Amino acid sequence: MNELNELRRTLLKGGCAAGIVAFAASAGLLVPGRALAAEWNKSAFEARNVADALKGLGASGVADSKDILIKASDIAENGAVIPVEVTSQIAGTQSIAILADKNPLPLLAVFEFVDGAQGYVSTRIKMGQTSNVRAVVKAEGKYYSAAKEIKVTIGGCGG
């Protein structure tokens, strides 16, 4: 009798899981991984200077903003691993891009946000030398920017 109860529990657990997956799929809650991956913006990420990277992002008329906060150490002992946090207090933030002005390839990352998501990212970047780290925020089709200088004692970009 005990074996029968175990078999019944196993079938119920499996059936419930299959039912949940079937419901989620029919409700459109499960999307194939390819659909969730962002497109590669080759021109922006392969740009050799900040102006070309911004052009690749479609960022024109970038305005300085005090509503973008960049949290990072003033001095990085090792340029290979620099923790950086960016918070956008701009309503309707759609994306945050992080650039290092003097890196060989300045565009380091782009983060996209869905409606209502908090404009906040925390990541680690590499820098080859002392430079401004720039956060560029897209909100409601407009672009805003803030920068913070980080002094690098040992570069992390190789070379």
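Anything mentioned here points back to the structure above.
No experiment lies behind these values; they were computed from the predicted model shown.

Trainee: Before we go on, may I ask you to explain the overall build of the chain in this structure?
Mentor: Helices and strands together make up the secondary structure of the chain, namely four helices and nine strands. Shown N-terminal to C-terminal, the secondary structure of the chain runs as helices and strands in the order α-α-α-α-β-β-β-β-β-β-β-β-β. Per-residue burial for the chain yields a buried fraction of 31% across its 159 residues. Within the chain, residue pairs in contact and separated by at least 24 positions form 63% of the contacts whose partners lie at least 6 positions apart. Element-wise, carbon and sulfur atoms account for 54% of the exposed surface of the chain, whose accessible area totals about 10,400 Å².

Trainee: Explain unusual backbone geometry to me, please; I cannot follow it from the model alone.
Mentor: Negative phi values dominate among residues other than glycine, just as trans dominates among peptide bonds. A positive phi angle is found at Glu-140, which is not glycine, with a value near 50°. One can find Glu-140 in the loop between strand S8 (131-139) and strand S9 (142-152).

Trainee: What is the right way to read the layout of surface pockets from this model?
Mentor: Where empty space is left can be seen by rolling a probe of water-molecule size over the atoms. By volume, the largest pocket amounts to about 310 Å³. Lining of the largest pocket is provided by 14 residues; of these, Glu-39, Asn-41, Leu-57, Val-110 and Glu-112 occupy positions nearest its centre. Put simply, the parts of the chain that give the lining of the largest pocket at least two residues each are strand S5 (93-100), strand S6 (107-112) and S8. When residues of the lining of the largest pocket are assigned to their parent elements, the largest contribution, three residues, is made by S8. Taken together, the residues of the lining of the largest pocket break down into nine nonpolar, two polar and three charged.

Trainee: I would appreciate a short explanation of the sheet that holds strand S4 (residues 82-88) in the present structure.
Mentor: One key point about sheets: their strands pair by backbone hydrogen bonds, in either a parallel or an antiparallel sense. Read across the open sheet, the three strands follow the order S2-S4-S7; overall the sheet is antiparallel. In this open sheet, the two edge strands, each paired with only one partner strand, are strand S2 (68-71) and strand S7 (119-125). Averaged over all pairs of adjacent strands, the angle between strand axes in this sheet comes to 15°, irrespective of strand direction. For S2 and S4, the ladder comprises four bridges, and the chain directions are antiparallel. The residue bridging Ile-70 from the neighbouring strand is Val-86, located in S4.

Trainee: Looking at this structure, I do not really get the pairing of S9. What am I missing?
Mentor: Remark: a regular strand shows side chains that alternate across the two faces of the sheet. In terms of strand pairing, strand S1 (residues 63-64) meets S9 through two bridges, oriented parallel. Of the residues in S9, the one forming a bridge with Ala-63 is Tyr-144. Where strand S3 (residues 75-76) lies against S9, two bridges are found, and the strand directions are parallel. Residue pairing in the sheet places Ile-75 in a bridge with Lys-151 of S9. Of the pairings in the sheet, the one linking S8 to S9 comprises nine bridges and is antiparallel in character. What sits directly across from Lys-138, in S9, is Tyr-143. Counting the residues in the hairpin turn of S8 and S9 gives two residues, including Glu-140, whose phi is positive at 50°.

Trainee: I keep staring at the pattern of salt bridges and nothing clicks. Help me out?
Mentor: Going through the model one piece at a time under the given rule, you end up with three salt bridges. The residue Asp-74 makes a salt bridge to Lys-148 at a minimum N-O spacing of 2.7 Å. Here the residue Asp-74 occupies a position in the loop between S2 and S3, and Lys-148 occupies one in strand S9, the gap between them amounting to 74 residues.

Trainee: Just to check I follow, could you spell out the environment of Thr-130 for this structure?
Mentor: Tracing the sequence through the fold places Thr-130 in the loop between S7 and S8. Through-space distance from the C-alpha of Thr-130 to that of Asp-101 is 9.2 Å; in sequence the pair is 29 residues apart. Within polar-contact distance, the side chain of Thr-130 engages the backbone nitrogen of Val-152 at 3.0 Å.

What counts, and where the lines are drawn
Residues numbered from 1 in each chain as written. Predicted model: local features only at pLDDT ≥ 70, side-chain atom pairs only at ≥ 80, totals over all residues. Heavy atoms only, no water. Helix = DSSP H or I, 4+ residues; strand = E, 2+ residues; numbered from the N terminus. Buried < 20%, exposed > 50% of the residue type's maximum accessible area, 1.4 Å probe, protein only. Contact = heavy atoms within 4.5 Å. Areas by Shrake-Rupley, 256 points an atom, 1.4 Å probe, with all protein chains shown as cover. 1 Å grid on protein atoms, 1.4 Å probe; cavity = no way out; pocket = protein on both sides within 12 Å on 5 of 7 lines; lining within 4 Å. Points joined across faces, edges and corners; volume = space filled by probe spheres on them. Nonpolar A, V, L, I, M, F, W, Y, C, P; charged D, E, K, R; others polar. Pairing = 2+ DSSP bridges. Axes fitted to C-alpha atoms, helices over the stretch in contact; angles between N-to-C directions. Salt bridge = Lys/Arg side-chain N within 4 Å of Asp/Glu carboxyl O. Polar contact = N/O pair within 3.5 Å; in protein donor to acceptor, adjacent residues only side chain to side chain.

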